[in-house]
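What follows is the residue order along each chain.
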Amino acid sequence: MKRFENKVALVTGAQRGIGYDIARAFAAEGADVVMTDVSAEGVKAAAAAIAGETGARTLALAADVTDYKDCERSLEETFKAFGKLDVLVNNAGVARDNLVLRMKEEDFQAVLDVNLKGAFLMAKAASRSMLRLRSGRIINIASVVGQSGNAGQANYAASKAGLIGLTKSLAREFASRQVLVNAVAPGYIRTAMTDGFPEEAKARLLEMVPLGRLGSGDDVAKAVLFLAGEDSPYITGQVLAVNGGIYM
Ligand SMILES: NC(=O)c1ccc[n+]([C@@H]2O[C@H](COP(=O)([O-])OP(=O)(O)OC[C@H]3O[C@@H](n4cnc5c(N)ncnc54)[C@H](O)[C@@H]3O)[C@@H](O)[C@H]2O)c1
């Protein structure tokens, strides 16, 4: 039997990148997977690709995590399709990097809205059934930058540090109902964006990583599945760093 057979997982921001890899990993382990994203076309194609590759049941939803109505609808559609929700992964995220002196107020707000408020709204929507059933896992995708800070990313770092505080508070609120809440904090993960860096910048980045390589979406997915599954029944309110040792 696969690890996540008869389980339902919802991943936000899943049309590409790390969210896609997390959704695929759940599907490969037998879960029914709900994938949400702001791009209707993109998430539909991604869900079809994963269903085709793994044979799992997938559901694609166009939904914006900053809109509570969309969050509630995501839960309703999940229940209509699969009857329950076992695992919520708050992965949707954006960056609008700039030095503070040049950062516009709306760029600060937009990043906080998606990365932090979005996770709060999805957790709020999902918690109703999880608390009632006294079972569930919530995993928030934070970032090493939320732990270390980063010049040029004040908005992003603040949102991810806030997400860690949200994770610990949800963990405390939900613990008595056996709903476990943790964060995964990735370091530098290979994506379309990092692939596009100049060779020199890539080499400089690699010098900072003790394990000598960038991470992959699958590296992050493995940590998420660990925190979502049977091997972590006594872990809540923690931040699991998946960063190749770049920050300890
Ligand atoms: N790539 C890295 O090196 C890295 C490192 C640390 C943390 N992270 C975090 O991992 C997560 C995924 O990052 P990625 O590199 O795959 O990024 P990505 O940009 O490839 O994927 C993010 C997805 O979120 C979606 N999204 C954006 N706003 C949304 C909204 N309002 N509602 C729903 N979906 C929305 C986007 O459409 C996109 O598909 C993010 O939270 C990011 O902050 C990434």
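The structure we're discussing is the one just above.
Residues numbered from 1 in each chain as written. Predicted model: local features only at pLDDT ≥ 70, side-chain atom pairs only at ≥ 80, totals over all residues. Heavy atoms only, no water.

## Quick notes on the overall build of the chain
No. 1: Secondary structure assignment for the chain yields 9 helices and 7 strands.
No. 2: Its C-alpha atoms give the chain principal-axis dimensions of roughly 50 × 35 × 35 Å.
No. 3: Counting across all 248 residues of the chain, residues that qualify as buried make up 48%.
No. 4: A separation of at least 24 residues holds for 73% of the contacts in the chain among residues at least 6 apart in sequence.
No. 5: Working note: accessible area of the chain is about 12200 Å², and carbon and sulfur atoms make up 52% of it.
No. 6: Each charge class in the chain was averaged separately, 29 positive and 28 negative side chains, and the resulting centres sit 5 Å apart. (Helix = DSSP H or I, 4+ residues; strand = E, 2+ residues; numbered from the N terminus. Buried < 20%, exposed > 50% of the residue type's maximum accessible area, 1.4 Å probe, protein only. Contact = heavy atoms within 4.5 Å. Areas by Shrake-Rupley, 256 points an atom, 1.4 Å probe, with all protein chains shown as cover. Lys, Arg positive; Asp, Glu negative; His and termini not counted. Charge placed at Lys NZ, Arg CZ, Asp CG, Glu CD.)

## Digging into the packing of aromatic side chains
No. 1: Inspection of the entire model under this criterion finds 1 aromatic pair.
No. 2: Between Phe4 and Phe26, the aromatic rings sit 5.1 Å apart at their centres with planes inclined by 80°, giving edge-to-face as the arrangement. Placement of the pair is Phe4 in the segment before β1 (8-12) and Phe26 in helix α1 (residues 17-28), with a sequence separation of 22 residues.
No. 3: Classification of Phe4 by relative accessible area gives buried; the value is 2%. (Phe/Tyr/Trp six-rings, centres within 6.5 Å; stacked < 30°, edge-to-face > 60°.)

## Here's the deal with the pattern of salt bridges
No. 1: All chains considered together, the criterion is met by 13 salt bridges.
No. 2: As a salt-bridge pair, Asp70 and Arg73 come within 3.3 Å of each other at their nearest N and O atoms. Of this pair, Asp70 and Arg73 both sit in helix α3 (residues 68-82), 3 residues apart, which is roughly one turn of that helix.
No. 3: Take Asp70: its relative accessible area is 16%, and that puts it in the buried class. (Salt bridge = Lys/Arg side-chain N within 4 Å of Asp/Glu carboxyl O.)

## A short note on α3
Every α-helical turn comprises 3.6 residues, leaving residues that sit three or four positions apart pointing alike.
No. 1: Between the first and last C-alpha of α3 there are 21 Å, a value that for 15 residues agrees with the 21 Å anticipated at 1.5 Å per step.
No. 2: In this structure, the buried side of α3 is in contact with β1, β2 (32-37), β3 (58-62) and α4 (105-133).
No. 3: Looking one or two residues beyond α3, the residue adopting positive phi is Gly83, at roughly 85°. (Expected span 1.5 Å × (residues − 1).)

## Topic: the side chain of Thr54
No. 1: Position of Thr54 among the secondary structure elements: in helix α2 (residues 40-54).
No. 2: At 2.7 Å, the side chain of Thr54 forms a polar contact with the backbone oxygen of Ile50.
No. 3: Side-chain polar atoms of Thr54 contact the backbone nitrogen of Ala56, separated by 3.1 Å.
No. 4: Excluding its chain neighbours within four sequence positions, the residues that come into contact with Thr54 are Arg24, Ala27 and Ala28. (Polar contact = N/O pair within 3.5 Å; in protein donor to acceptor, adjacent residues only side chain to side chain.)

## Looking at α2
No. 1: In this model α2 runs 21 Å from its N-terminal to its C-terminal C-alpha over 15 residues, within 8% of the 21 Å that 1.5 Å per residue would give.
No. 2: Three or more residues of α2 are buried, namely Val43, Ala46, Ala47, Ile50 and Thr54. On an axial view of α2, the arc spanned by its buried residues comes to 95°, and they lie on one face. The outward face of α2, more than 90 degrees from its buried face, is lined by the exposed residues Glu41, Lys44, Ala48 and Gly52.
No. 3: As for α2, its buried residues are in contact with α1, β2 and β3.
No. 4: Positive phi shows up at Gly55, right after α2, with a value of about 80°. (Arc of directions from axis to C-beta.)

## Re the sheet that holds strand β4 (residues 87-90)
No. 1: A sheet is described by the order of its strands in space; here 7 strands give the open sequence β3-β2-β1-β4-β5-β6-β7, paired in parallel fashion. Two strands lie at the open edges of the sheet, namely β3 and β7 (239-242), each paired on one side alone. Ignoring which end each strand starts from, the neighbouring axes of this sheet average 20° apart.
No. 2: Alignment of β2 against β3, held across 5 bridges, turns out to be parallel. Paired with Thr36 across the strands is Leu61, a residue of β3. (Pairing = 2+ DSSP bridges. Axes fitted to C-alpha atoms, helices over the stretch in contact; angles between N-to-C directions.)

## With respect to the site of the ligand
No. 1: The immediate surroundings of the ligand are formed by 24 residues, with Arg16, Ile18, Asp37, Asn91 and Tyr156 found nearest.
No. 2: Between Gln15 and the ligand, the recorded distance is 3.3 Å, taken from a side-chain N or O atom to an oxygen atom.
No. 3: Residue Asn91 places a main-chain N or O atom 2.8 Å away from an oxygen atom belonging to the ligand.
No. 4: For the ligand, whose unbound accessible area comes to 830 Å², protein coverage reaches 87%. (Near = heavy atom within 4 Å.)

Honestly, that's just the spatial picture; any functional story needs more than this.
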